[in-house]
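Results of the structural survey
Next come the chains, spelled out residue by residue.
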Amino acid sequence: MQEQNEPCAEAPIEAKIARIESNTYYAVPLADPSRIIRCTLRGKFKKDFRLKKEKLYTTDICVVGDQVELIMNEDGTGVIQTICPRKNHLSRKAPKIKGASYRGERLEQVIAANLDALYVVMSFQRPEFNNKVLDRFLVVGESAQIEVAIIMNKFDLVTDEDQDWIEFYEDLGYAVFCTCAKTGAGVARLKESFRGKTSLMWGQSGVGKSSLLNNMFPGLLLSTSDISEWSNRGKHTTVSVQMFEIDENSFIVDTPGVREIDPYGIRQEDLSHYFVEFVDYINECKYSGCTHNHEPGCAVVEAVEAGEISEFRYDSYLRMLDTTEDDMFF
Ligand code: GDP
Ligand code: ZN
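Computed from a predicted model, the values in this text were never measured in an experiment. (Residues numbered from 1 in each chain as written. Chains lettered and ligands numbered in written order. Predicted model: local features only at pLDDT ≥ 70, side-chain atom pairs only at ≥ 80, totals over all residues. Heavy atoms only, no water.)

**Structural notes on the coordination of the zinc ion (ligand 2)**
Convention followed: A 2.8 Å cut-off from the metal defines N, O and S donors, relaxed to 3.2 Å for Na, K and Ca; water is not in the atom list, so some sites may appear incomplete. A four-donor site is classed as tetrahedral when every donor-metal-donor angle falls between 85 and 135 degrees; four donors are called square planar, and six octahedral, when trans pairs exceed 155 degrees and all remaining angles lie between 65 and 115, with any other arrangement labelled irregular. Numbering of helices and strands runs from the N terminus; a helix is a DSSP stretch of H or I covering at least four residues, while a strand is a stretch of E covering at least two.
The zinc ion (ligand 2) binds to the protein through C285 (SG), C290 (SG), H292 (ND1) and C298 (SG), with metal-donor distances spanning 2.1 to 2.4 Å. If you look at the zinc ion (ligand 2), its four donor atoms make angles of 100 to 116 degrees with each other, and the shape they trace is tetrahedral. Sequence positions of the donors to the zinc ion (ligand 2) reduce to the motif C-x4-C-x1-H-x5-C. Of this pair, C285 sits in the loop between β13 (250-254) and α8 (299-305) while C298 sits in the loop between β13 and α8; the two residues are 13 residues apart in sequence, bridging distant segments of the chain.

Take a look at the structure:
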């Protein structure tokens, strides 16, 4: 029998998930981030999952950023035994699949877990700046209780009208980083802000996220993507969520570009909590559970009429309210 104080030869290794490819999980040990261990998921997770019938993608049982405990096989691969509780997670409604029947319901797609910051990447042209798109990303970040910052890239293409948006979002309290991946302008300040954190970069395709990452961390994307694929295409395309160590205790999570995002699981009556400047008013409404839409005595509507809340933001709010399913998931 084993002595009680004798160290167990099979002590689990604590690690973070950096990448997932179908059923293979790539885990980075906390004690040695230079290593990467190919792992499978212990069968029991899938069984538990089926029993619970949760409305998740099967791959979401364990996501990039999850902290896990694994045991090593003799061949150097690992088996994930434990998935630690998440500090937070970022998700959206899973994109619609052509031909699938939804019965009005869409699944949750978890993007990543245990994040310190979300950087929403926007561009001024190609695609042109769209405040409603930005507001959707902000709501997703706020609802996940993750610090949110905004990167406005392609600063070389900025127009006078666009300039106003920078101040607009700064006035709401968001950190705004204006960058040009082409010249490297503004990139140093952004890079500095990643220090000591796990930061996820998210945005529409074409905003220049890969260009920015390549500018800040040359070789980072190349080193982990398939070389022949790289040279054939001549361009890096992020196809899956991946976490990179950029410095000691500093990680970047790169994500595939998206066309649009719909927040998952936000109740209509909660949506206003995620518009940061609405929060000062929502307790002043006449009715509790006010959706700030049609109800009389609504303090948010009064603030919009008084010019204290911007009509742009209120308009974004109403549009999102329209697409937020009421109580569907609860
Ligand atoms: P991603 O889809 O967000 O990863 O975008 P990419 O990094 O692939 O960039 C999309 C296009 O925008 C490419 O043609 C880039 O050369 C271009 N691009 C990226 N950053 C800038 C920038 O700061 N200024 C300009 N003018 N073009 C940029
Ligand atoms: Zn109200």
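**Side note on the site of ligand 1**
Rules: In these notes, residues near a molecule or strand are those with any non-hydrogen atom within 4 Å of it. Nitrogen and oxygen atoms within 3.5 Å of one another constitute a polar contact, given that in protein one can donate a hydrogen and the other can accept it, and given that sequence-neighbouring residues count only through two side-chain atoms. The nonpolar class holds Ala, Val, Leu, Ile, Met, Phe, Trp, Tyr, Cys and Pro. Asp, Glu, Lys and Arg form the charged class, and all remaining residues, Gly among them, are polar.
Near ligand 1 you find 15 residues, and of these D156, G206, K209, S210 and S211 are the closest. Side-chain polar atom of N153 to a nitrogen atom of ligand 1: 3.2 Å apart, as the coordinates give it. The contact in question runs from an oxygen atom of ligand 1 to an N or O atom on the side chain of K154, over 3.0 Å. Per-element accounting of the shell around ligand 1 gives the leading share, three residues, to helix α5 (residues 209-216). Here the shell around ligand 1 is composed, by residue class, of four nonpolar, six polar and five charged.

**Remarks on the nonpolar core**
We count it as follows: We call a set of buried residues a nonpolar core when its members are Ala, Val, Leu, Ile, Met, Phe, Trp, Tyr or Cys and they connect through side-chain atoms within 4.5 Å of each other. Working definition: with a 1.4 Å probe on protein chains only, accessible area under 20% of the residue-type maximum means buried, over 50% means exposed, and in between means partly exposed. Should any heavy atoms of two residues lie within 4.5 Å, those residues are counted as being in contact.
Ranked by internal contacts, the top residues of the largest apolar core, which has 53 residues, are I80, L90, M152, Y169 and W202. It is helix α2 (residues 131-143) that contributes the most residues to this core, five residues altogether. Once residues lying within four places of it in the same chain are set aside, the contact partners of M152 are M122, F124, F129, W165, I166, Y169, V176, F177, C178 and T179.

**Notes on the environment of V148**
Positionally, V148 belongs in strand β9 (residues 147-153). The spacing of V148 and F137 is 11 residues in sequence and 9.2 Å in space, taken between C-alpha atoms. Those residues in contact with V148 that lie beyond four places of it in its chain are L118, V120, L138, G141, E142 and Y174.

None of the figures reported here should be taken as evidence of function without further support.
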